[in-house]
Amino acid sequence: METPENVTDARMTARVSNAEIADKFERLADLLELQDDNPFRVRAYRNAARVIEGLPRPLAEMLAAGEDLDELPGIGAAIAEKIATIVKTGKLPALAEAAKTTPLVLTDLMRIPGLGPKRVRELYETLDVKSAADITRAAKSGELAQLPGFGEKLAGKIADAVAHLSPEQKRFRLADAEKLAAPLVEYLKGLAGVKRVVVAGSLRRRRETVGDIDILVTAGRGAGILDKLKRFDGIRRVVSSGDTRATVIVAMNLQVDVRVVPEASFGAALYYFTGSKAHNVAVRRIAQGKGLKLNEYGLYRGDTRIAGKSEDEVAKKLGLAWIPPELREDAGEIEAAAHGRLPELVTLEALRGDLHSHTTASDGHASLREMAEAAREQGYAYLAVTDHTRSTRIAHGLDPKRLSRQFAEIDALNETFKGFRLLKSAETDILEDGSLDLPDEVLAEMDFVLGTVHAHFELPAARQTQRLLKAFDNPYLSGLAHPTARQIGEREPIRLDFDRVCEAAAERGIFLEVNGQPARLDLDASRCRRATELGVKLAISSDSHSAAGLETIRFGVDQARRGWVGKKDVVNTRSLRSLRGILRRP
DNA sequence: GCCGTTTTCGGCCCGACTGTTTTCAGTCG
């Protein structure tokens with residue numbers, strides 16, 4: 001029996017988030033770099049910050065559970081101890097120590113394009129520059145250009161960068177970045193001499209947000225692609241442009257890097273340009289260990305190129321299996337590829353149906369029939385209709401009476417289908433006390449029950465966890481929709497003991513959803529990975545509110561793949577018969 | 001500061017572009 005008391009322990013009250021811890025190490029790296037400290041030490045801190053940011057669980061919770069943090073990649077005894085100190089005191093003494101001689105505010109200046117540690121230090125030591133406003137002043141007075149190594153042009157560029165400084169560097173949702181990149185990709189494809197145009201970088205890795213766009217072009221010599229690129233009318237500004245690479249700014253202030261390589265280097269260039277940086281570094285180290293050199297032009301033994309045409313060729317020569325781009329984050333995929341242990345990732349094609357959709361009955365824009373037809377066109381065997389329930393008034397949530405009418409309508413429609421079924425369900429509110437928004441006799445009418453948190457996002461972790469566990473105790477509940485309720489860039493995930501929720505879900509056979517709405521992508525990739533490690537089954541769903549919206553399920557597939565999720569982990573890769581076998585009934 | 005199919009010490013990815021330079025430093029990805 002679960003009580004609030006036995007989920008209220010130290011790990012639940014932790015206030016220092018992983019993001020804050022990562023930021024402290026990032027700042028420490030900045031300060032040490034300003035102080036010209038050992039660059040490898042600096043890199044170690046940055047590396048640790050990156051690892052910390054990608055963790056699925058709060059470090060505070062892992063510490064409370066007695067886990068050894070120095071088993072995490074890139075985190076050794078020294079950093080593990082520093083993390084423990086931060087969790088305990090909220091402070092990183094090494095950071096305070098470094099800030100004694102180098103003001104912490106200087107780390108903000110290092111975020112300005114064109115300013116790195118050397119230039120910031122020069123600005124500070126010579127002109128006592130400590131802020132963006134100081135830079136503007138120094139530029140106006142002409143002092144900036146007088147600094148050694150600066151000059152008129154550089155001073156102008158820096159002043160310009162300061163003037164166009166946005167409050168924080170913006171990242172774009174994956175779906176938005178895709179749309180913004182499309183016209184430029186089409187334009188490049190249409191240019192004479194162009195052989196291939198491929199999107200690489202974080203967009204190819206399908207990261208949930210994208211900071212800039214990388215496009216790889218193969219073309220014959222002298223095709224002048226980068227000159228023609230500048231004539232594309234969607235380009236606002238050219239940041240830099242050389243023989244093989246150009247950086248431009250397009251709509252929404254989005255940065256696009258275009259790289260042109262010869263066809264023979266396509267594979268090596270695609271590998272290099274896809275990243276991530278950490279993955280590339282690790283793979284190049286493997287090359288180095290074999291006495292080879294890997295760069296964007298190929299894999300070399302001495303001056304001889306031994307691979308480069310395709311990614312597969314490069315990987316093979318390094319003794320690795322080809323790694324899907326979604327996994328290239330230096331998070332264990334390289335070891336797995338070396339030992340033939342890469343997971344067989346779920347694919348869009350493997351999905352047999354969709355377990356989350358809405359109709360005009362609640363806040364959708366298509367009728368039952370229209371949704372069914374769209375699902376059949378998609379090749380699905382089933383589509384669950386999961387309109388909102390009465391507590392979600394803003395979405396015209398359904399009460400038992402309206403639901404029962406909908407179920408009758410679904411029954412009638414199903415009579416007309418062959419090889420396809422609409423499933424009766426509802427996106428049922430989990431109320432603050434963990435009870436469901438509908439009585440059991442209504443839940444009993446459904447093919448399965450989907451539960452979700454739509455209000456009271458701010459509960460403390462212990463209560464939020466307890467709320468979900470209580471909902472899981474309802475024998476009708478089969479799945480949990482958008483489990484953390486986060487919205488990218490708008491709402492933080494609800495606080496809960498994620499492992500505990502996963503353990504309970506695994507025990508009871510409740511699936512967690514990977515919601516494909518571009519603003520949600522919930523579970524996120526790292527939680528997908530953690531959940532499946534703990535034996536939880538997932539459903540990848542569109543949460544579509546229109547017929548066309550069914551296609552957003554692919555963004556859910558992307559995140560599941562990034563989370564190492566295999567076909568067998570996903571319930572809606574099953575046939576309807578097999579799916580029915582695992583949906584809960586009392 | 002981290003890490004180990006050479007290593008518990010001695011390494012630590014690699015190249016493009018810019019602007020400042022008389023041959024390269026700084027920044028970026």
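Residues numbered from 1 in each chain as written. Chains lettered and ligands numbered in written order. Predicted model: local features only at pLDDT ≥ 70, side-chain atom pairs only at ≥ 80, totals over all residues. Heavy atoms only, no water.

## Structural notes on the nonpolar core
Here is step 1: Core analysis: the largest hydrophobic core is formed by 58 residues, its most contacted members being Leu422, Met446, Phe472, Leu512, Leu538 and Ile540.
Here is step 2: Filtering out sequence-adjacent residues up to four positions away, Met446 remains in contact with Leu403, Phe407, Lys424, Ser425, Ala426, Leu438 and Arg585.
Here is step 3: Met110, Val120, Leu147 and Ala155 belong to the second largest nonpolar core, which has 47 residues in total. (Core = buried A, V, L, I, M, F, W, Y, C linked by side-chain atoms within 4.5 Å. Buried < 20%, exposed > 50% of the residue type's maximum accessible area, 1.4 Å probe, protein only. Contact = heavy atoms within 4.5 Å.)

## With respect to unusual backbone geometry
Here is step 1: Across the junction of Gly275 and Ser276, the peptide omega takes the value -5 degrees, indicating a cis bond.
Here is step 2: Assignment of secondary structure puts Ser276 in the loop between helix 14 (266-274) and helix 15 (277-289).
Here is step 3: Omega for the peptide link from Asp522 to Leu523 comes to 10 degrees, which places this bond in the cis form.
Here is step 4: Within the element layout of this structure, Leu523 appears in the loop between strand 17 (511-515) and helix 23 (525-533).
Here is step 5: For Leu521, which is not glycine, the phi dihedral falls at a positive 45 degrees.
Here is step 6: In the Ramachandran plot, Asp543 falls in the positive-phi region, its phi being about 55 degrees despite a non-glycine side chain. (Helix = DSSP H or I, 4+ residues; strand = E, 2+ residues; numbered from the N terminus.)

## Details of the sheet that holds strand 16 (residues 477-480)
Here is step 1: Strand order in the open sheet formed by five strands is 14-15-16-17-18, with parallel pairing between adjacent strands. Unpaired on one side and paired on the other, strand 14 (427-429) and strand 18 (538-541) mark the two borders of the sheet. For this sheet, the mean angle separating the axes of adjacent strands, direction not counted, is 40 degrees.
Here is step 2: Sheet topology places strand 15 (residues 449-452) next to strand 16; three bridges connect them, and they run parallel. Along strand 16, the bridge assignment pairs Gly451 with Leu480.
Here is step 3: Here helix 24 (residues 553-562) sits on the sheet and contacts strand 17 and strand 18; the angle it forms with strand 18, its principal contact strand, is near 145 degrees. (Pairing = 2+ DSSP bridges. Axes fitted to C-alpha atoms, helices over the stretch in contact; angles between N-to-C directions.)

## Brief notes about empty space enclosed by the protein
Here is step 1: If you walk through the whole model with that rule in mind, you get one cavity of 30 Å³ or more.
Here is step 2: A volume near 40 Å³ is recorded for the largest cavity.
Here is step 3: In terms of residue count, helix 14 provides more of the lining of the largest cavity than any other element does, three residues in total.
Here is step 4: When its residues are assigned to classes, the lining of the largest cavity shows four nonpolar, two polar and one charged. (1 Å grid on protein atoms, 1.4 Å probe; cavity = no way out; pocket = protein on both sides within 12 Å on 5 of 7 lines; lining within 4 Å. Points joined across faces, edges and corners; volume = space filled by probe spheres on them. Nonpolar A, V, L, I, M, F, W, Y, C, P; charged D, E, K, R; others polar.)

## Some details on helix 1 (residues 18-34)
Here is step 1: Its 17 residues place the ends of helix 1 24 Å apart at the C-alpha level, agreeing with the 24 Å of an ideal helix rising 1.5 Å per residue.
Here is step 2: Those residues of helix 1 that fall on the buried side of the exposure criterion are Asn18, Ile21, Ala22, Phe25, Arg27, Leu28, Ala29, Asp30, Leu31, Leu32 and Leu34.
Here is step 3: In this fold, the buried residues of helix 1 make contact with helix 2 (39-53), helix 3 (59-64), helix 4 (77-89), helix 5 (93-101), helix 6 (106-109) and helix 7 (117-127).
Here is step 4: Where helix 1 terminates, the next one or two residues include Asp36, which has phi positive at roughly 60 degrees. (Expected span 1.5 Å × (residues − 1).)

## Some details on the packing of aromatic side chains
Here is step 1: In this structure the tally under the stated criterion is five aromatic pairs.
Here is step 2: On the basis of an interplanar angle of 80 degrees and a centroid distance of 5.3 Å, the ring pair of Phe417 and Phe420 is categorised as edge-to-face.
Here is step 3: In this structure Phe420 comes out as buried when scored by relative accessible area, which is 4%.
Here is step 4: For Arg196, the ring lying beneath its charged end belongs to Phe266, and the centroid distance is 3.8 Å.
Here is step 5: The ring of Phe457 has Arg491 sitting right over it, with the charged end atom 3.9 Å from the ring centre. (Phe/Tyr/Trp six-rings, centres within 6.5 Å; stacked < 30°, edge-to-face > 60°. Lys NZ or Arg CZ within 6 Å of the ring centre and 35° of its normal.)

## A closer look at the domain arrangement of chain A
Here is step 1: Partitioning chain A into domains gives domain 1 (4-99), domain 2 (113-164), domain 3 (172-338) and domain 4 (348-582).
Here is step 2: Taking the mean C-alpha position of each, domain 1 and domain 3 sit 32 Å from one another. (Domains from an automatic or database assignment.)

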